[in-house]
Amino acid sequence: MKRQIAVIFGGQSSEHEISCVSAANIIEGLDRNKYDIHRIGITREGHWLYVDSTESIKDGSWTRSPATAVIVPDQRSQGIWKVNGGEGTGDFAVQQIAVDVAFPVLHGRNGEDGTIQGLLELAGIPYVGCGVLASAAGMDKISTKIFADRIGVRQAKYVTDVARDCSGIEETMDAAERELGYPVFVKPSNAGSSRGISKAHNRGELRAAIELAKKHDHRVLIEETIRGHEVECAVLGGTEVKASRVGEILAAAEFYDYDAKYNDSESRTVVDPDLPAGAKEKIRENAVAVFKQIDGFGLSRVDFFVEENTGEVVFNEINTFPGFTNISMYPMLWEAEGLDLPVLLDQMIELAYKR
């Protein structure tokens, strides 16, 4: 009997488009002999729709679907309620669809941050990826820093500003100049795909960078600049966690911002780059350690720097649901290990059952 898989995509975050591309690639990678696939798209306005075709995800027409999709936190109704009609007439056609596993292909807020994971827990639906705690901690950069500090993993020095407005910006800039110097990176604590991130070389740029970051999240992280290789490692597993080989990012821009990731064809990724002796093993070891420390489960991509002058490995951040586009590093790293996309997806779904 085929398993019923609900692939959830879109969402209200700044990574809406990337989620749609990732979902289409995942759906096409799932083995139709093993799975029946139900597509649930979340519009930018937060409307949940039952989507009939993968082609409509690719061309964007899915947002015109006439059917609403509902997941209720009632474990007696485990699955999706598909609702047709009703507008202006009150005449609804409701169909209940059982779901074996949910596949939340959501990046950023309201998807990768523990919110939808909490809904699926309440609904009693097994799901792919990290749980509530790991998703929330991994999405929030300041929280990730605190978790990583506890296990002694080296990371960039940092200063935080958690005020809900810019009232303390002068004190924050003083602390950053005193403790970090210039240049620094300024990041919203809770935003994905490098949205709202700036590099500041002086006090004027720092002020503008903090103000920009606060448009995405009032909690702001300011980090020292680490010069060196920007690398990534994929992890997969539950009780037993495997780490992939290492990939390097060769960004076309000064740093790997949103445009460099998704819009600049000059940005490249390289699997198994030339790094200083011992660096690759340290990256793999630290990737697993950070994943376990935040209570990770299923999958994550863990990002590091290899420092230019010292060759030391410096933890950057963890992404608990990385992209699955055709240029994304996570599936690329596992393909290099001999796991093609259908096999990788099978393993991720099996892990959902084991949670």
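Residues numbered from 1 in each chain as written. Predicted model: local features only at pLDDT ≥ 70, side-chain atom pairs only at ≥ 80, totals over all residues. Heavy atoms only, no water.

## A look at the packing of helix α4 (residues 132-139) against helix α5 (residues 141-150)
In a packed pair of helices, the relevant descriptors are the angle between the two axes and the axis-to-axis distance. Using the following cut-off: Every angle, taken between N-to-C directions, lies between 0 and 180 degrees, and every axis is a line fitted to C-alpha atoms, over only the stretch in contact when it is a helix. Put simply, DSSP marks the helices as runs of H or I at least four residues long and the strands as runs of E at least two long, and each gets a number from the N terminus on. Any angle between 65 and 115 degrees counts as roughly perpendicular, while under 35 counts as roughly parallel, over 145 as roughly antiparallel, and the rest as oblique. Two residues form a contact once any of their heavy atoms are found within 4.5 Å. Polarity classes work like this: nonpolar for Ala, Val, Leu, Ile, Met, Phe, Trp, Tyr, Cys and Pro, charged for Asp, Glu, Lys and Arg, and polar for all others, with Gly in that last group.
Interaxial distance between α4 and α5 falls to 5 Å at its minimum, and their mutual angle equals 105°. The angle between α4 and α5 falls in the class roughly perpendicular. Only K141, S143, T144 and F147 of α5 make contact with α4, whose side of the interface consists of L133, A137, G138 and M139. Of the residues that constitute the contact of α4 with α5, the class distribution is four nonpolar, three polar and one charged.

## What about the sheet that holds strand β11 (residues 220-224)?
Whether parallel or antiparallel, the strands of a sheet pair through hydrogen bonds between backbone atoms. How we decide: By definition, two strands form a pair when at least two bridges between them are found by DSSP.
The strand order across the open sheet formed by four strands is β8-β11-β9-β10, and the pairing between neighbours is antiparallel. Each end of this open sheet is capped by a strand with a single partner; those strands are β8 (158-161) and β10 (198-200). Strand-to-strand twist across the sheet, computed as the mean angle between neighbouring axes with direction ignored, equals 25°. With five bridges joining them, strand β9 (residues 184-188) and β11 adopt antiparallel strand pairing. Paired with P188 across the strands is V220, a residue of β11. Sheet strands in contact with α5 are β8, β9 and β11, and its direction is about 55° off that of β11. Against the sheet, helix α7 (residues 203-216) touches β8, β9, β10 and β11, its axis set at about 20° to β9.

## What to know about the side chain of E224
Which entries qualify depends on this criterion: The buried label applies to any residue whose accessible area, calculated with a 1.4 Å probe on protein chains only, is under 20% of its type's maximum; exposed applies above 50%, and partly exposed to all values in between. Neither His nor the chain ends contribute to the count of charged residues, in which Lys and Arg are positive and Asp and Glu negative. A pairing counts as a salt bridge when a side-chain nitrogen of Lys or Arg comes within 4 Å of a carboxyl oxygen of Asp or Glu. Here a polar contact is taken to be a pair of N or O atoms separated by no more than 3.5 Å, where protein atoms must pair a possible hydrogen donor with a possible acceptor and residues adjacent in sequence count only if both atoms sit in side chains.
Along the chain, the position of E224 falls in strand β11. Within the buried set, E224 has no salt-bridge partner at all; the shortest N-O distance to an opposite charge, 4.5 Å, is to K157. Within the structure, the side chain of E224 is placed 2.9 Å from the backbone nitrogen of K157, a separation counted as a polar contact. Among residues more than four places away in sequence, those in contact with E224 are Q155, A156, K157, L180 and P183.

Read these as spatial facts, not as claims about activity.
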